[in-house]
Structures are given as C-alpha cells and as structure tokens.
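# Chains, contacts and geometry: an overview
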Amino acid sequence: MIEYRSIEDLPELAGETVALRGWIRRFRSSGKISFLVLRDGTGEVQCVFVKNEIEEEVWETLDSLGHEAAVSVTGVVRVDERAPSGVELTATGVQLLGASEDFPIQPKEHGTDFLLENRHLWLRSSRQIAIMRVRDEVIRAIKDFLHHEGFTLVDTPILTGAIGESAGTLFETEYFDLGTAYLAQTGQLYVEAAAAALGKVYCFGPTFRAEKSKTRRHLTEFWMVEPEVAWNDSDDNMALQERFVCYIVKRVLYNRREDLEALDRDISKLEAIKPPFDRMSYTEAVEFLQANGAEIEWGSDLGAPDEAKLVEGRDVPLFVYDYPKGAKAFYMKENPEDPRTVKCNDMLAPEGYGEVIGGSQREDDHDRLLERIREEGLPEESYGWYLDLRKYGTFVHSGFGLGVERTVTWMCGIDHLRESIAFPRMMQRLTP
Ligand code: NSS
C-alpha cells in the first residue's frame with residue numbers, strides 16, 4: 001500500500017521520497033523537461049520531470065495527460081525558495097488515475113453564464129477555492145462566537161405553515177391534507193419560542209425567498225444565522241451585532257489571510273472594521289439622503305443606491321435604526337417614542353456591500369401583535385402559537401439575521417453573491 005502525502009505537509013518532508021495524488025492544474029513541457037502543477041485540496045506543488053533522468057514510459061504517460069486529469073506522482077521533495085509553497089517535487093513517476101480530455105474551463109476569460117453552467121468544474125479554480133475557504137471560516141467563526149457567548153443552537157423547520165417575513169417572496173408546496181406549506185424565509189418565529197426556554201438561542205440554516213429580482217445581492221436560497229436573546233432590547237441587539245461582526249472579520253483575517261491575498265482583497269479595509277460602528281436613525285438617514293439629492297420620501301424602505309450613499313466614505317459598518325412600520329415586517333416592536341416607527345435596525349457594510357444584517361426588538365404585546373397580523377392580512381389561525389408566546393410569560397426580546405452569502409461576498413471583496421456559495425440558486429438557475 002502506498003502512503004499518500006498531503007501537499008500542505010511537504011515543507012516538513014524535504015529530502016524524502018513521497019507519493020501524492022490530485023488533479024493537474026497546469027502542464028507544460030519543453031521537450032526535455034516538464035512542469036506539472038498538482039493540486040490536492042490542501043495546496044499546489046510544481047512537479048519537475050527531467051526526460052534524461054526518468055524512465056521513458058513515465059515521459060510518455062506525461063504526454064497523454066490532460067488539464068484536470070487525476071494522477072498520482074512520486075518524487076523527492078526539494079526546498080525551493082522561489083516556489084510559492086517553498087518546495088518542489090523532483091518527480092520520477094506518474095500514474096493516470098482519472099483521465100480528463102478537453103476540460104471546458106481554460107485559463108482564458110470565460111463569460112459568467114458559461115462558468116455558472118460549469119459551476120461543478122469552476123469550483124476547482126484558485127479563486128473559487130479561496131472563496132469556499134473564506135466561507136468555511138465565516139461559518140466556523142459564527143458558531144464559535146455564539147458557543148462562547150453561551151448560545152444554544154435550536155434547529156428550526158424548513159417546511160412551515162406560517163409566513164415569516166412577507167407574503168411576496170414565498171415558495172409554496174402542497175402538503176398532504178393540510179393545504180399549503182411554505183419554505184422557511186426565516187427561523188425567527190421559532191427561535192423566539194425557544195428563547196423563552198433557553199434564553200440565548202440561534203438557528204442556522206438555509207432560507208428561501210422567491211426573489212424575482214435579478215440583483216447581485218439576492219439568491220433564492222441563502223444561509224442565515226439568527227440569534228435571539230431574551231431580555232435584550234434594540235440597543236443591546238445592535239451591541240451584540242457589532243461584537244459578532246468584529247469577531248467574524250478578525251477570524252477571517254487571522255485564519256484566511258492567504259486566501260484574501262489570493263483574491264486580491266484590500267485587507268486594510270477589513271482591518272479597519274472595529275467598534276464602534278456608526279449609528280443613524282432612519283429619519284436622519286432620509287434627511288441626509290434628501291439633502292444629497294435622493295428622491296426618497298419618509299416612509300419608504302431604503303433602496304440599494306440609498307444604502308450605498310449612506311455608507312460612502314465610511315470605514316466601519318453603519319446601523320440604520322427605527323424604520324417606519326410600513327417598510328418592515330409585522331413582528332417588530334412599535335417604538336413607544338414614535339409609534340410610526342418600529343425598534344429595528346439594518347447593518348450596512350462599507351465599500352458598497354450594503355445590508356448584511358436585519359434585526360429588531362420583537363413586539364411583545366399580544367393585542368398590538370394581533371392587530372399587526374390583521375393589518376398585514378396574514379392568516380391569523382397560523383399565528384396562534386406565535387401569539388401564545390405573548391400570552392404565557394411575554395418578555396422583552398430581540399434578535400437578528402446575518403446573511404452568510406452577503407458576509408462572504410463582503411469579506412472576499414467580490415462583486416456578486418453567486419460566487420459566495422458552491423451551488424447558487426437564483427431565479428434562472430437550478431442546475432448544476
Ligand atoms: O429579511 S431580513 O432582513 N431579516 C430576517 O429575515 C429576520 N427574520 C432576521 C431576524 O431578525 N431573525 O434578512 C436578514 C439578512 C439580510 O440582512 C441579508 O443579509 C440576508 O438575510 N438576506 C439575503 N441574502 C441573500 N439573498 C436574499 N434574497 C436575502 N434576503 C435576505
């Protein structure tokens with residue numbers, strides 16, 4: 001049995017003969033010497049084959065190998081200061097494990113549609129690998145932070161009988177004799193119930209919105225983490241978001257710096273993400289926008305261009321808080337100081353990345369909540385259990401949802417959410 005080594009471990013194996021296996025990233029040959037760049041998921045290494053020094057059969061095999069073929073290579077590890085990983089392989093053997101002819105993605109510019117059509121293969125490119133690694137770190141950081149802060153993970157259903165956010169963007173499916181089920185837009189309503197049991201809780205999973213918009217910031221399936229905390233008011237909620245986001249950024253900088261560099265991310269922009277974040281009420285935001293030539297009227301939600309204008313020139317995220325009732329979901333707590341508004345916030349990331357978090361204090365008054373459900377024309381009978389939370393030991397509580405793809409897109413400094421998840425789901429894309 002051959003013991004295969006990982007490319008990432010090669011620097012400790014200088015001088016030793018090793019066997020590796022992986023895929024061929026690049027291959028070129030001068031006729032006397034060949035360079036094969038091997039990739040195995042842990043790293044890349046250049047394998048150098050010298051015709052005079054290896055068996056003829058090996059040289060012939062090399063000639064038949066295609067881009068992205070799976071191979072095993074044997075050779076001696078050599079320290080080489082010029083190599084990106086600090087080592088090279090002086091190779092003596094190669095074996096084809098899985099042939100690859102005419103790999104569709106070539107080292108030239110391809111259109112986005114073509115790349116998305118070939119997403120299953122596009123994932124192997126260096127940029128996509130770097131993005132997936134940053135995403136993994138963001139998710140680990142989310143879980144570690146919440147774990148250290150004493151949160152309990154509560155998994156919430158994906159098939160639901162109640163509308164979570166708004167009726168406009170629901171995926172529906174028939175559900176046996178019970179009528180229509182909706183794919184969850186949020187786990188929030190359920191973590192509210194769990195917060196009365198456990199205090200600090202969160203759910204983390206895929207959420208679904210039938211977004212008809214073809215913007216670069218919307219997917220139809222996206223991952224969201226939703227912490228919910230008993231006794232937190234809206235200010236406590238923003239303070240938690242601030243610490244949460246700072247922690248995630250720090251972790252990505254600490255553990256994924258190489259990947260950020262591979263993506264040409266301007267790292268200084270992430271290093272600037274420190275508390276305190278900026279804060280501005282919705283009303284102040286509208287005044288600011290109007291003074292700067294925007295057409296916005298008090299009462300309507302902020303659009304992407306408005307958000308971009310608000311964060312222009314800022315180094316840290318901006319909280320916009322206390323939006324008008326009509327622009328936000330039914331469950332948000334009416335602001336006692338200005339009942340036209342609700343106690344909520346969006347967190348807008350700098351550099352034009354826009355809304356990454358939406359959060360609020362929840363309406364804890366039974367009758368007011370019922371009134372809001374009626375005003376919104378929501379099916380009252382589906383919210384009986386949710387109203388019960390206000391009947392049996394109602395409590396001040398707040399929470400928020402952080403979109404993983406928006407966060408990853410911002411961390412990576414990329415343009416579009418579609419690259420922040422391995423297999424994006426959008427209005428016109430269901431495959432691969
Ligand atoms: O609609 S949100 O603003 N808020 C909620 O769903 C609340 N129920 C969260 C809560 O308080 N527990 O969505 C939250 C975040 C938003 O800021 C984005 O980062 C992300 O979820 N989001 C999306 N990401 C990608 N694609 C789409 N379509 C999308 N919609 C929201």
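Structure report, in brief. (Residues numbered from 1 in each chain as written. Predicted model: local features only at pLDDT ≥ 70, side-chain atom pairs only at ≥ 80, totals over all residues. Heavy atoms only, no water.)

### Thoughts on the sheet that holds strand E9 (residues 180-183)
Going by this rule: We call two strands paired when DSSP finds no fewer than two bridges between them. Helix numbering and strand numbering both begin at the N terminus, where a helix is a DSSP run of H or I of at least 4 residues and a strand a DSSP run of E of at least 2.
If you trace the three strands from one edge of the open sheet to the other, you get E7-E9-E8, paired in antiparallel fashion. In this open sheet, the two strands that pair with only one neighbour each are strand E7 (159-160) and strand E8 (172-174). Taken together, the two bridges between E7 and E9 define a ladder with antiparallel strand orientation. Note that in E9 the partner of Leu159 across the bridge is Leu183.

### Describing the nonpolar core
Filter applied, for reference: To define a nonpolar core, start from buried Ala, Val, Leu, Ile, Met, Phe, Trp, Tyr and Cys residues and group those joined through side-chain atoms within 4.5 Å. Categorising residues by exposure relies on relative accessible area from a 1.4 Å probe, with only protein chains included: less than 20% of the type maximum marks a residue as buried, more than 50% marks it as exposed, and the intermediate range marks it as partly exposed. Throughout, a contact is declared for two residues whenever any of their heavy atoms are within 4.5 Å.
One finds Ile142, Phe244, Leu402 and Trp410 to be the most contacted residues of the largest nonpolar core, which totals 44 residues. With sequence-adjacent residues up to four places away left out, Leu402 is seen in contact with Ile142, Trp223, Met224, Val225, Phe244, Val245, Ile248, Val356, Ile357 and Thr407. Counting 33 residues, the second largest nonpolar core, distinct from the first, contains Ala294, Ala329, Val342 and Tyr383.

### A word on the pairing of strand E5 (residues 87-98)
Each regular strand shows side chains that alternate between the opposite faces of the sheet. Where strand E3 (residues 44-50) and E5 come together, three bridges link them in parallel fashion. Residue pairing for E5: Cys47 is matched across the bridge by Leu89. Bridging between strand E4 (residues 70-79) and E5 involves 10 bridges; their strand directions are antiparallel. Considered in E5, the bridge of Gly75 is made with Ala91.

### Overview of a nonpolar patch on the surface
Where we set the bar: In this analysis, a patch consists of residues with relative accessible area above 30% that form no salt bridge, clustered at 9 Å for like charges and at 5 Å for the nonpolar side chains Val, Leu, Ile, Met, Phe, Trp and Tyr. Only the protein chains shown count as cover for residues, with accessible areas throughout obtained via the Shrake-Rupley method and a probe of 1.4 Å. Here, a salt bridge means any Lys or Arg side-chain nitrogen found within 4 Å of an Asp or Glu carboxyl oxygen.
On the surface, a nonpolar cluster with roughly 490 Å² of combined accessible area is contributed by Leu159, Tyr175, Phe176 and Leu178. With respect to the helices and strands, the residue Leu178 is situated in the loop between E8 and E9.

### Let's talk about the site of the ligand
Our working rule: Here a residue is considered near a molecule or strand provided that any single heavy atom belonging to it is located within 4 Å of it. Within 3.5 Å is the distance limit for a polar contact, defined as a pair of N or O atoms, with the added protein rule that one can donate a hydrogen and the other accept it, and that residues adjacent in sequence qualify only through two side-chain atoms. Residues were grouped as follows: Ala, Val, Leu, Ile, Met, Phe, Trp, Tyr, Cys and Pro as nonpolar; Asp, Glu, Lys and Arg as charged; and all remaining residues, including Gly, as polar.
Lining the immediate surroundings of the ligand are 23 residues, of which Glu165, Gln188, Arg209, Glu226 and Glu355 lie closest. Here Thr186 contributes a side-chain N or O atom positioned 3.0 Å from a nitrogen atom of the ligand. Within the contact set of the ligand, an oxygen atom lies 2.7 Å away from a backbone nitrogen or oxygen of Val356. Mapped onto the shell around the ligand, the elements with two or more residues apiece are strand E11 (221-230), strand E15 (354-361) and strand E16 (397-403). When the residues that make up the shell around the ligand are grouped by side-chain class, the tally is eight nonpolar, seven polar and eight charged.

### Some points on the pairing of E9
Here E8 runs beside E9; their pairing, made up of three bridges, is antiparallel. Bridge pairing links Thr173 to Ala181 in E9. Here E8 folds back onto E9, and the loop between the two strands holds five residues, one of which, Phe176, carries a positive phi near 45 degrees.

### Thoughts on helix H6 (residues 234-255)
Rules: Expected helix span is taken as 1.5 Å per residue step, with the number of steps being one fewer than the number of residues.
Given a rise of 1.5 Å per residue, 22 residues ought to cover 32 Å, and the 32 Å separating the end C-alpha atoms of H6 matches this to within 8%. Two or three places before Asp235, at the opening of H6, Asp233 has a side-chain oxygen 3.0 Å from that residue's backbone nitrogen.

### Regarding unusual backbone geometry
Look at the link from Pro275 to Pro276: it is a cis peptide, with omega at -5 degrees. Here Pro276 is to be found in the loop between helix H8 (267-271) and strand E12 (278-281). For the bond running from Thr431 to Pro432, omega is -10 degrees, close enough to zero to count as cis. Even without being a glycine, Phe176 presents a positive backbone phi close to 45 degrees. Position of Phe176 among the secondary structure elements: in the loop between E8 and E9. Positioned with a positive phi, Trp231 is a non-glycine residue whose angle comes to about 80 degrees. Here Trp231 shows up in the loop between E11 and H6.

### Description of the sheet that holds strand E1 (residues 17-29)
Here is the rule: Fitting a line to C-alpha atoms yields each axis, with helices limited to the stretch in contact; the angle taken between N-to-C directions then spans 0 to 180 degrees.
The five strands are arranged E1-E2-E3-E5-E4 in a closed barrel whose pairing can be described as mixed. Ignoring strand direction, the axes of neighbouring strands in this sheet form an average angle of 55 degrees.

### Regarding the side chain of Arg429
Mapped onto the elements of the fold, Arg429 is located in the segment after helix H13 (404-412). In this structure Arg429 comes out as buried when scored by relative accessible area, which is 11%.

### What about the packing of aromatic side chains?
In this description, an aromatic ring pair is defined by two values, namely the gap between the centres and the angle between the planes. Under the convention used in this document: Stacked, edge-to-face and tilted are the three classes for Phe, Tyr and Trp ring pairs, Trp counted by its six-membered ring, which pair at centre distances within 6.5 Å; planes under 30 degrees apart are stacked, over 60 edge-to-face, the rest tilted. Our definition puts a charge over a ring when NZ of Lys or CZ of Arg is within 6 Å of the ring centre and also within 35 degrees of the ring normal.
Going through the model one piece at a time under the given rule, you end up with 14 aromatic pairs. An angle of 45 degrees between the planes, with centres 5.6 Å apart, marks the rings of Phe145 and Tyr247 as tilted. With Phe145 in helix H4 (residues 126-148) and Tyr247 in helix H6, this residue pair connects regions lying 102 residues apart in the sequence. Between the aromatic rings of Tyr175 and Phe176, the centroid separation amounts to 4.9 Å while the plane-to-plane angle is 75 degrees, which identifies the pairing as edge-to-face. Tyr175 gets classed as partly exposed once you look at its relative accessible area, which sits at 32%. Judged by relative accessible area, Phe176 falls into the exposed class, the value being 73%. Three or more aromatic residues joined by ring pairs form one cluster here, namely Tyr190, Phe330, Tyr331, Tyr383, Trp385 and Tyr386. The ring of Trp298 has Arg340 lying over it, and the distance from NZ or CZ to the ring centre is 4.1 Å. Across the ring face of Tyr386, the terminal group of Arg390 is positioned such that the distance to the ring centre comes to 4.2 Å.

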